[in-house]
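Spelled out from the first residue to the last, the chains are:
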Amino acid sequence: GFVDAASAWAEAYCNRKFAQATYTHQFDGNDTRYLLLREYPVTSITTLKQDDTWAFGSGTVQDAADYRIYRDSMLVRRCAVFQYTSALAWQVVYVAGFATIPMDVQQAVLEMVKFIYYARNDRRTGLAAKSKLGENAAYDSNVPPVVAALLAKHVRPAYLADRLAVFTPELL
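Residues numbered from 1 in each chain as written. Predicted model: local features only at pLDDT ≥ 70, side-chain atom pairs only at ≥ 80, totals over all residues. Heavy atoms only, no water.

**Concerning the nonpolar core**
The following threshold applies: Think of a nonpolar core as a cluster: buried Ala, Val, Leu, Ile, Met, Phe, Trp, Tyr and Cys residues, connected wherever their side-chain atoms sit within 4.5 Å. Burial classification: accessible surface area is computed with a 1.4 Å probe over protein chains only, and a residue below 20% of its type maximum counts as buried, one above 50% as exposed, and the rest as partly exposed. The secondary structure listing takes helices from DSSP runs of H or I that are at least 4 residues long and strands from runs of E that are at least 2 residues long, numbered from the N terminus. Two residues form a contact once any of their heavy atoms are found within 4.5 Å.
Counting 14 residues, the largest nonpolar core has Leu37, Ile45, Val76, Val92 and Tyr94 as its most contacted members. When residues in this core are grouped by element, the largest group, 4 residues, is from strand β6 (residues 90–96). Not counting the four nearest positions on each side in its chain, Val92 is found in contact with Tyr23, Thr24, His25, Phe27, Leu35, Leu37, Ile45, Thr47 and Leu48. Residues Ala6, Val113, Phe115 and Leu151 belong to the second largest nonpolar core, which totals 12 residues.

**Some remarks on the packing of aromatic side chains**
Stated precisely, the cut-off is as follows: When two rings of Phe, Tyr or Trp (its six-membered ring) have centres within 6.5 Å they constitute a pair, described as stacked for plane angles under 30 degrees, edge-to-face for angles over 60, and tilted for the intermediate range. Whether a charge sits over a ring comes down to the Lys NZ or Arg CZ being within 6 Å of the ring centre and within 35 degrees of the ring normal.
The tally for this structure, following the rule as stated, stands at 7 aromatic pairs. Measuring from centroid to centroid gives 5.5 Å for Tyr34 and Tyr70, while their planes differ by 35°, and the two rings are tilted. Of the two residues, Tyr34 sits in strand β2 (residues 34–36) while Tyr70 sits in strand β4 (residues 67–70), which places them 36 residues apart along the sequence. Tyr34 gets classed as buried once you look at its relative accessible area, which sits at 14%. With centroids separated by 5.0 Å and ring planes inclined at 75°, the aromatic side chains of Phe82 and Trp90 adopt a geometry described as edge-to-face. Exposure class is identical for Phe82 and Trp90. Each is buried. The side chain of Arg16 reaches across the aromatic face of Tyr40, ending 3.8 Å from its centre. The aromatic ring of Phe82 is capped on one face by Arg78, whose charged end is 5.5 Å from the ring centroid.

See the structure below:
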């Protein structure tokens, strides 16, 4: 329905997922001590493995004392570097997202439901301009400003979306 459509739109707009889930992602080593994870906030790391053959068996698990969640709950910081040995040789299994979706995201989704409903039923989504006599009106079909404002702090910056696991900590 409308809520599912608006929720999916909000995730696409913010370039991230909100609901808490378990993720398994593989990364290249980047020869730094940091690894930027795709989803956040990270609440726990289940395993960190390194395997050039991509089998990721139990013998490839890294010691949990050797890494931790760092900096805004989206980085893994390791005592040693994430050495580049072969493509996608690092695997991280982790839990990320919100157990309870933040209220501003929930409100943005409700505002988008209203936006979608009006757009679908009478194509009037937001009054952009109106003449003094009230005879002529122009309607805006872009993202409602209230929705953009509510989601602003949740949007993944473009430089992070495009450069996952290839960065320097100074970018953050």
